[in-house]
Amino acid sequence: MPSKSTSAYTTRSLDADTWSDFAELVEANNGVWGGCWCMGFHPEGLSKDKSAAQNREAKHEHARKGTVHQVLVYEGDQCVGWCQYGSPAELPNIKNPKAYDKELTELPAWRVGCIFTDKRHRGEGVARVALAAVLAAIKEAGGGRVEAYPEQVEGREPQRGAYFHTGPENLFLDFGFERDRRIAKWRWVMTRLIEP
């Protein structure tokens with residue numbers, strides 16, 4: 001149960017105008033997961049050859065060009081989290097691609113990528129607010145089948161919060177997603193149809 005009312009939060013899209021808010025949050029969290037800057041799902045992806053500074057610039061370029069879909073969550077004027085989403089063309093890189101492709105019959109209209117909450121705001125409903133806003137934006141954009149790739153929580157040892165960069169399975173279950181297929185020991189493809 002969140003300790004803070006989710007109505008305390010507002011959301012905005014990541015774009016050129018909100019870039020500095022996003023950047024401040026990422027920098028306050030050491031570049032997020034080793035300096036990825038939430039680039040792993042994008043076409044450029046992550047590699048050992050790219051520095052955190054290069055990831056930052058690539059993400060900034062997406063924000064400037066409007067080639068990113070990402071909901072930022074705010075407490076007052078401060079960005080405290082986000083949820084990334086987009087089409088498979090916009091977010092082609094997912095974890096466990098061979099297992100994913102093995103039983104693939106049709107690509108979804110949308111993918112939910114990374115979910116991140118500032119360490120000082122975890123357990124307060126930030127991810128829930130972000131995912132609700134993403135699903136509302138997808139509905140407004142015409143809906144379609146949405147895929148997510150969360151980590152299974154039930155039946156395993158507790159993990160550090162940062163480990164669940166695609167979110168915990170129970171969050172998606174709460175929003176009506178259903179398991180489609182397993183693609184790793186603790187990772188599932190989960191789907192939900194959003195009507196327009």
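Every chain begins its residue count from 1, and numbering advances along the sequence as written. Whole-chain, interface and lining totals are the exception, using all residues; otherwise, since this is a predicted model, local features are given only for residues with pLDDT of at least 70 and side-chain atom pairs are given and counted only at 80 or more. Processing note: side-chain calculations cover all non-hydrogen atoms of the structure and skip hydrogens and water entirely.

Q: A description of the side chain of Asp118 should follow, citing residues and the corresponding values.
A: Here a helix means four or more residues in a row that DSSP labels H or I, a strand means two or more in a row labelled E, and each is numbered from the N terminus. Mapping Asp118 onto the fold places it in the loop between strand S4 (110-117) and helix H4 (126-140). What makes two residues a contact is simply this: any of their non-hydrogen atoms within 4.5 Å. Those residues in contact with Asp118 that sit more than four places away from it in its chain are Leu25, Asn29 and Val80.

Q: An account of the pattern of salt bridges is requested, with residue identities and associated values reported.
A: The term salt bridge refers to a pairing of a side-chain nitrogen on Lys or Arg with a carboxyl oxygen on Asp or Glu at a separation within 4 Å. Following the criterion strictly, the structure yields 9 salt bridges and no others. Arg56 is the partner of Glu27 in a salt bridge, and the nearest nitrogen-oxygen pair spans 3.3 Å. In this pair, Glu27 is assigned in helix H1 (residues 19-28) and Arg56 in helix H2 (residues 52-65), connecting sequence segments 29 residues apart. Residue Arg56 is classed as partly exposed on the basis of its relative accessible area of 27%. Note that Arg120 and Asp118 form a salt bridge whose closest N and O atoms lie 2.8 Å from each other. If you follow the salt bridges from partner to partner, you end up with Glu57, Glu61 and Arg64 in one network. The cut-offs for exposure are 20% and 50% of the maximum accessible area for each residue type, with area from a 1.4 Å probe on protein chains only; residues under the lower value are buried, those over the upper are exposed, and the others partly exposed.

Q: Provide a residue-level description of the sheet that holds strand S3 (residues 78-86), including the pertinent values.
A: An order of S1-S2-S3-S4-S5-S7-S6 is seen for the 7 strands of this open sheet, with the pairing classed as mixed. Edge positions in the open sheet fall to strand S1 (9-13) and strand S6 (178-184), since each of these has one partner strand only. In this sheet, neighbouring strand axes are inclined to one another by 25° on average, regardless of whether the strands run parallel or antiparallel. When DSSP finds two or more bridges between a pair of strands, those strands are recorded as paired. Of the pairings in the sheet, the one linking strand S2 (residues 69-75) to S3 comprises 7 bridges and is antiparallel in character. Paired with Val73 across the strands is Gly81, a residue of S3. Throughout, an axis means a line fitted to C-alpha atoms (over the contacting stretch in the case of helices), and angles, computed between N-to-C directions, take values from 0 to 180 degrees.

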